2 protein chains.
Amino acid sequence: MNCEDPGFEANHDHDHCMESALSTAKELCRERKQRLTPVRELVLKLIWENHQPMGAYELLPALAAAGFNSAPPTIYRALEFLQEQGLVHRIASLNAFIGCPHPENPHRSGFLICSGCQRAVELDTAPVHKALSESASELGFQIAHETVEVVGLCADCQNQEAVDA
Amino acid sequence: MNCEDPGFEANHDHDHCMESALSTAKELCRERKQRLTPVRELVLKLIWENHQPMGAYELLPALAAAGFNSAPPTIYRALEFLQEQGLVHRIASLNAFIGCPHPENPHRSGFLICSGCQRAVELDTAPVHKALSESASELGFQIAHETVEVVGLCADCQNQEAVDA
DNA sequence: ATTGCCATGTTATACTATAACAAACCTAAT
DNA sequence: ATTAGGTTTGTTATAGTATAACATGGCAAT
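Within each chain, residue numbers correspond to sequence positions counted from 1 in written order. Chain letters start at A and ligand numbers start at 1, both assigned in the order the entries are written. The model is predicted, so local features are restricted to residues of pLDDT at least 70 and side-chain atom pairs to those at 80 or more, both for listing and for counting; the totals for chains, interfaces and linings are taken over all residues.

A. Region of interest: the overall build of chain A. Numbering of helices and strands runs from the N terminus; a helix is a DSSP stretch of H or I covering at least four residues, while a strand is a stretch of E covering at least two. The helix and strand tally for chain A stands at six helices and five strands. This radius of gyration counts C-alpha atoms alone. The globule rule is 2.2 Å times how many residues there are, raised to the power 0.38. Over its C-alpha trace chain A gives a radius of gyration of 17 Å, about what one expects of a compact globule, namely 15 Å for 165 residues. Taken over the C-alpha atoms alone, chain A extends approximately 50 × 50 × 30 Å along its principal axes. Buried means a residue has 20 or more other C-beta atoms within 10 Å of its own C-beta, exposed means 12 or fewer, and partly exposed covers the counts in between; C-beta atoms are placed from the backbone. For chain A, buried positions account for 33% of its 165 residues. Throughout, a residue-residue contact means that the two C-beta atoms, derived from backbone geometry, are no farther apart than 7 Å. Nonlocal contacts in chain A, meaning residues at least 24 apart in sequence, comprise 52% of its contacts between residues at least 6 apart.

Pasting the structure below:
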């Protein structure tokens, strides 16, 4: 299994995961001549450390602890930049942000979100997009952006429920 | 064309549309022994009058005008009830609410949202759901709820853009 | 008529996000 | 090296979305 795309496996190599995401981010920003400034890098790091959807305000205390200004605009600006670079995605139904496991090529994103453990994994949305674009084209609708967010229980949490019951 | 499901057609019979939605709602609530109280009915009416996604706070002034308490909890409670009954859906990416054109049988909902005219139409999400459930079952993920919201341009607004250009 | 539940009123506050302007900082051309 | 111009960050304030908590009122079944 690719460490950058661990599905709902809890016990993957977190450290590697994070470092890999950060070095990819640095690489991409260098290529694109974009500045991955300290605050931006820290925010990305925090998001990957948690490896689950994080609210903007959940990230603020760590920014303050690191000596940055921790007023809301700071975090939202960093998140905006990271989104523009495809390094993080926003999950609208959670008002939360999560690291993208494959930012090197921009793509339509979709998520499976576990309501048991709060983890989320990015989906391959190609089949979903196909279905959507067929429905859309019947109505002459031109798609610009898709929000696909599926809430449910991951395999682990289903087992846990069975045990608890 | 079914008036309750007018796609992006602007010039359908609004009044009929609204009355039909309201009478269906009354019927359903009677069947289910749920109380469609004055404030709930008014909120549903306001949503159908506009026939496009409405923010909770956009609805408050009309509530106040009708003599109801217009503090936020009033509207959110009404919206919560209407959602439970399947009479309105929430669109997460817009923080807005819209009337459901076929509340008689609960269903997974998805939307096409036009960024030109702000209208939204409910999709048949069966094909999308099929694609999603295949992806989900590969990961052993059990789906509880789907958020599918597609932003783009409806046919009218594409034409309008072409004219403006 | 009484009781108990459901709905609404009311106040306060939490949570999410952005506007607007000032200060600091790159960086590239002179 | 200097400086002009753009980008990033700091800072204050506020807009926008949603819920907690408790009081009050109304309705329905006994």
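B. Examining the protein's contact with DNA strand C more closely. Around DNA strand C lies a shell of 18 residues, among which A:Pro72, B:Thr37, B:Asn69, B:Ala71 and B:Pro73 are the nearest. Those elements that place two or more of their residues in the surface near DNA strand C are helix 3 (56-65) and helix 4 (72-84) of chain A together with helix 2 (38-50) and helix 4 (72-84) of chain B. In terms of residue count, the dominant contributor to the surface near DNA strand C is helix 4 of chain B (four residues). Ten residues, namely Ala, Val, Leu, Ile, Met, Phe, Trp, Tyr, Cys and Pro, are considered nonpolar, four, namely Asp, Glu, Lys and Arg, are considered charged, and the remaining ones, Gly among them, are considered polar. Grouping the amino acids of the surface near DNA strand C by side-chain chemistry returns 10 nonpolar, five polar and three charged. Nearness rests on one distance test: the residue's C-beta atom, set from the backbone, must lie within 6 Å of the molecule or strand.

C. Spatial organisation of the sheet that holds strand 5 (residues 142-153) of chain B. An order of 4(A)-3(A)-5(A)-5(B)-3(B)-4(B) is seen for the six strands of this open sheet, with the pairing classed as mixed. Strands at the two margins of the open sheet, each flanked by one partner only, are strand 4 (120-122) of chain A together with strand 4 (120-122) of chain B. If you compare each strand with its neighbour and ignore which way they point, the axes differ by 20° on average. Should DSSP find at least two bridges between two strands, the strands are regarded as paired. As defined by bridge partners, strand 3 (residues 110-114) of chain A adjoins strand 4 of chain A across three bridges and the pair is classed as antiparallel. Bridging across to strand 4 of chain A, A:Leu112 finds its partner in A:Val121. A fitted line through C-alpha atoms serves as each axis, taken over the contacting stretch for helices, and the angle formed by two N-to-C directions is quoted from 0 to 180°. Across the face of the sheet, helix 5 (residues 126-138) of chain A comes into contact with strand 3 and strand 5 (142-153) of chain A together with strand 3 (110-114) and strand 5 of chain B while running at roughly 130° to strand 5 of chain A.

D. Broad picture of the environment of B:Asn159. Residues and elements named next belong to chain B. Here Asn-159 is to be found in helix 6 (residues 155-164). Looking at Asn-159, the number of C-beta atoms within 10 Å reads 13, which means it is partly exposed. Through-space distance from the C-alpha of Asn-159 to that of Pro-72 is 39 Å; in sequence the pair is 87 residues apart.

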